[in-house]
Each structure stands twice: as structure tokens, then as C-alpha cells.
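Residue strings, one per chain:
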Amino acid sequence: MKHLLISGGTRGIGAATVRRFITEGFSVTVLYSSDEEAKNSLQNELSSNADSLLFIKADVSDPKQVSDAVSKAVERFNNVDVLVSNAGISLSGLSDTFGFNDYRKVMDINFGGFFNLIHEIVPSMISRKEGSVVAVSSMWGQEGASCEALYSASKGAVDSYVKSLAKELGPSGIRVNAVSPGVILTDMLSCYSKEDLDALAGDTPVQRLGDPKEVADVIYYLSSSESSFITGQIVGVNGGFC
Ligand code: NAD
């Protein structure tokens, strides 16, 4: 049984990804931060797969918590075959209203969380000469977004790291890619009004918002042998937005 470790897997894109990998017969370790309610709900929903699921409370921005979580996951399910770095936060507002603490928080979770997971998991992939990594970026990482400058910069860092790691780790048999979602209907959009969401759907060429499952399917594809010659790519899942 192959083993997926995913961060931020209790809701939204992460939960849809957990469902897809469970359906494909994986054992899954889910790192989550503080959303106990979402964790309990997903755990109940997938109770018939309890033997294949491990939930670990860990803040991805804390290297020690990530290290302890990865040790527990490996103890339970053996090596990590697929890493999905999905945990992220958004931050909206004019750039001149953000301070150092905002900068640190967004970078430490969105990019630092990815770094911490790579640091703990990739050495074992290198020694086994196999493994697949998928990061969840954002179209704003490539395009830049007004009033989401720090968020966009953090995702731009993710994209650069993905491309660099793909070059460095390819000779070791490890592929590294990212999905770059457009506007996907999850809790991350809860700050938007119905009018805002309608406008965002209108700005999307396919005239609707994305479903988390549509991102999860691409994540699964990028992790699987179906995409064996794809690495270092930032794959847009955005309904044609950019
Ligand atoms: P979400 O808010 O529902 O999910 C985010 C997940 O990350 C949650 O499970 C949350 O608990 C977890 N998380 C946040 N901080 C964490 C931390 N410090 N440690 C561990 N886990 C933490 O939103 P989502 O839309 O499902 O977001 C998933 C990813 O998709 C994020 O990286 C986000 O930036 C990206 N994304 C989302 C959209 C969108 O429109 N929804 C668009 C582009 C990119």
C-alpha cells in the first residue's frame, strides 16, 4: 500500500485530495493545524478506511512539529511515497497595511511549510530513488494579485522551489510539480460576498468557480505514473482564468 502525506488535508482542496487517494488504495497521513471540527467530520466520513488514515495535529510552519509528525507517519505506514504540500493561508489588503509579522506568517506557512516538509521527507526519497511531490500553489504566484501581494509572493516562492527541486532531484528518481488553482470554492473564499463570488465566476472563461475535486484529480495525476515524464511544471487548474 502506497503512503501519501498531505498538509492541510481536513477541508477544501486538501480533503478532496485525501478522498481521491483513499479511493486509489493509499494509506494517508493528514497534517492539520487547529480545525478539529473539520478533522472530526472527515474522520467520520472516512471511518470505513480508519486503518488507512492517520490524523496528526501539526503546524507546518514549525520545523519541530513537522519533524515529529513525519516520524509518527513513517512509524505507522512506512516511507512516504507521495508528498502533497497543501496547507496555506491567504491575506488580503493593501500592501502598505502589512507589517513584518504578516510577512513572516504568510511566508512561514505558505513557503516555510513546504520547505519543512521537503526537509523531512525528501532525504528518504533520495535514498530509495523514488517519490513524487506535488505543491499546491496559486495562479497569483505566477500572475501577481492586487491586494494579495504577500500571498502572491509566497506562492511565487513555492513555484521557484518546485522548478529548482525538480532539476536537483530528477536524477534521484523524484518528480516535483505544482498545481496552480484559480478560484476554487472552499473556506478560503469565506471572506467574499455572493456578489464578489459571482464576479469572480464571471471573470473565469468557463463562467464558474472550481470544485476542490477538480484540483484533487490533477494532484493525483501529477503524483501517479500516468505523469511519469512530467516534472518541474506548474499546472494551472483555473477554468482559463490565466
Ligand atoms: P482552506 O482554508 O479550506 O484549507 C487550507 C488548509 O490549510 C486547512 O486545512 C488549514 O487547516 C490548513 N492550514 C492552514 N495553516 C496551517 C498551518 N500552519 N499548519 C497546518 N495546516 C494549516 O482552503 P483551500 O482553498 O482548500 O486551500 C488549500 C490550498 O490551496 C492553499 O495552499 C491555498 O493557498 C491554495 N489555493 C486555494 C485557492 C482557492 O480559491 N480556494 C486558489 C489558489 C490556491
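One can find the structure itself at the top, above this paragraph.
These lines cover the structure that appears in this document, whether it is placed above or below.

Scoring rules and cut-offs
- Residues numbered from 1 in each chain as written.
- Predicted model: local features only at pLDDT ≥ 70, side-chain atom pairs only at ≥ 80, totals over all residues.
- Heavy atoms only, no water.
- Buried < 20%, exposed > 50% of the residue type's maximum accessible area, 1.4 Å probe, protein only.
- Helix = DSSP H or I, 4+ residues; strand = E, 2+ residues; numbered from the N terminus.
- Pairing = 2+ DSSP bridges.
- Right-handed = clockwise from strand over helix to strand, strands pointing away.
- Phe/Tyr/Trp six-rings, centres within 6.5 Å; stacked < 30°, edge-to-face > 60°.
- Near = heavy atom within 4 Å.
- Polar contact = N/O pair within 3.5 Å; in protein donor to acceptor, adjacent residues only side chain to side chain.
- Areas by Shrake-Rupley, 256 points an atom, 1.4 Å probe, with all protein chains shown as cover.
- Expected span 1.5 Å × (residues − 1).
- Arc of directions from axis to C-beta.
- Axes fitted to C-alpha atoms, helices over the stretch in contact; angles between N-to-C directions.
- Parallel < 35°, antiparallel > 145°, perpendicular 65-115°, else oblique.
- Left-handed = near helix turned anticlockwise from the far one by under 90°.
- Contact = heavy atoms within 4.5 Å.
- Salt bridge = Lys/Arg side-chain N within 4 Å of Asp/Glu carboxyl O.

1. A short note on the pairing of strand β3 (residues 53–57)
Next, step 1: The element β3 is extensively covered by neighbouring structure, given that four of its five residues are classed as buried.
Next, step 2: With five bridges joining them, strand β2 (residues 27–32) and β3 adopt parallel strand pairing. Considered in β3, the bridge of Leu 31 is made with Ile 56.
Next, step 3: Between the parallel elements β2 and β3, the chain passes through helix α2 (residues 36–45) in a crossover that is right-handed.

2. A word on the packing of aromatic side chains
Next, step 1: Under the criterion given, the structure shown has eight aromatic pairs.
Next, step 2: Ring geometry for Phe 26 versus Tyr 220: centroids 6.4 Å apart, planes at 85°, classification edge-to-face. You can see Phe 26 sitting in the loop between α1 (12–23) and β2 and its partner Tyr 220 sitting in helix α8 (residues 212–223), a full 194 residues away along the chain. Across the pair, exposure class does not vary: Phe 26 and Tyr 220 are buried alike.
Next, step 3: Aromatic ring contacts, followed pair by pair, group Phe 111, Phe 114, Phe 115 and Tyr 161 into a single cluster.

3. Remarks on the site of the ligand
Next, step 1: Near the ligand you find 28 residues, and of these Arg 11, Asp 59, Asn 86, Tyr 151 and Thr 186 are the closest.
Next, step 2: Note that an oxygen atom of the ligand is positioned 2.6 Å from one of the side-chain N or O atoms of Tyr 151.
Next, step 3: Within the backbone of Gly 182, one N or O atom sits 3.3 Å away from an oxygen atom of the ligand.
Next, step 4: Against a free-state accessible area of 820 Å², the protein chains account for coverage of 95% of the ligand.
Next, step 5: Among the elements of the structure, α1 and α6 (149–169) are those that each provide at least two residues to the shell around the ligand.

4. Overview of α8
Next, step 1: Given a rise of 1.5 Å per residue, twelve residues ought to cover 16 Å, and the 17 Å separating the end C-alpha atoms of α8 matches this to within 8%.
Next, step 2: What α8 keeps buried is the set Pro 212, Val 215, Ala 216, Ile 219, Tyr 220, Leu 222 and Ser 223. The buried residues of α8 occupy one face: seen down the axis, they fall within an arc of 165°.
Next, step 3: The distance from a side-chain oxygen at the start of α8 to the backbone nitrogen of Lys 213 is 2.8 Å, and the residue carrying that oxygen is Asp 211.

5. Section: the packing of α1 against α8
Axes are the key here: two packed helices are described by the angle between their axes and the distance separating the axes.
Next, step 1: Relative orientation of the contacting elements α1 and α8 amounts to 55°, with a least axis distance of 8 Å. As summarised for this structure, α1 and α8 are arranged oblique, according to the angle between their axes. Read as a crossing pair, α1 and α8 show a hand that is right-handed. In contact with Gly 12, Ile 13, Ala 16, Thr 17, Arg 20 and Phe 21 of α1, α8 contributes Pro 212, Lys 213, Val 215, Ala 216, Asp 217, Ile 219, Tyr 220 and Ser 223.

6. Some details on the pattern of salt bridges
Next, step 1: Tallied over the entire structure, the rule returns 13 salt bridges.
Next, step 2: As a salt-bridge pair, Arg 20 and Glu 24 come within 2.8 Å of each other at their nearest N and O atoms.
Next, step 3: Of the residues examined, Arg 20 reaches a relative accessible area of 24% and is grouped as partly exposed.
Next, step 4: Looking at Glu 24, the relative accessible area reads 34%, which means it is partly exposed.
Next, step 5: Linking Lys 64 and Asp 68 is a salt bridge whose minimum nitrogen-to-oxygen distance equals 2.8 Å. Note that Lys 64 and Asp 68 are positioned in helix α3 (residues 63–77) at a spacing of four residues, about one turn of the helix.
Next, step 6: Residue classification places Lys 64 among the exposed residues on the basis of a relative accessible area of 55%.

7. Re the pairing of β2
Next, step 1: Burial of β2 is extensive: six of the six residues sit out of reach of the surface.
Next, step 2: Across the two faces of β2 the burial is the same, with Ser 27, Thr 29 and Leu 31 and Val 28, Val 30 and Tyr 32 all buried.
Next, step 3: Relative to β2, strand β1 (residues 3–7) is paired through five bridges, and the arrangement is parallel. Residue pairing for β2: Ser 7 is matched across the bridge by Leu 31.
Next, step 4: With respect to chirality, the unit in which β1 leads through α1 into the neighbouring parallel β2 is right-handed.

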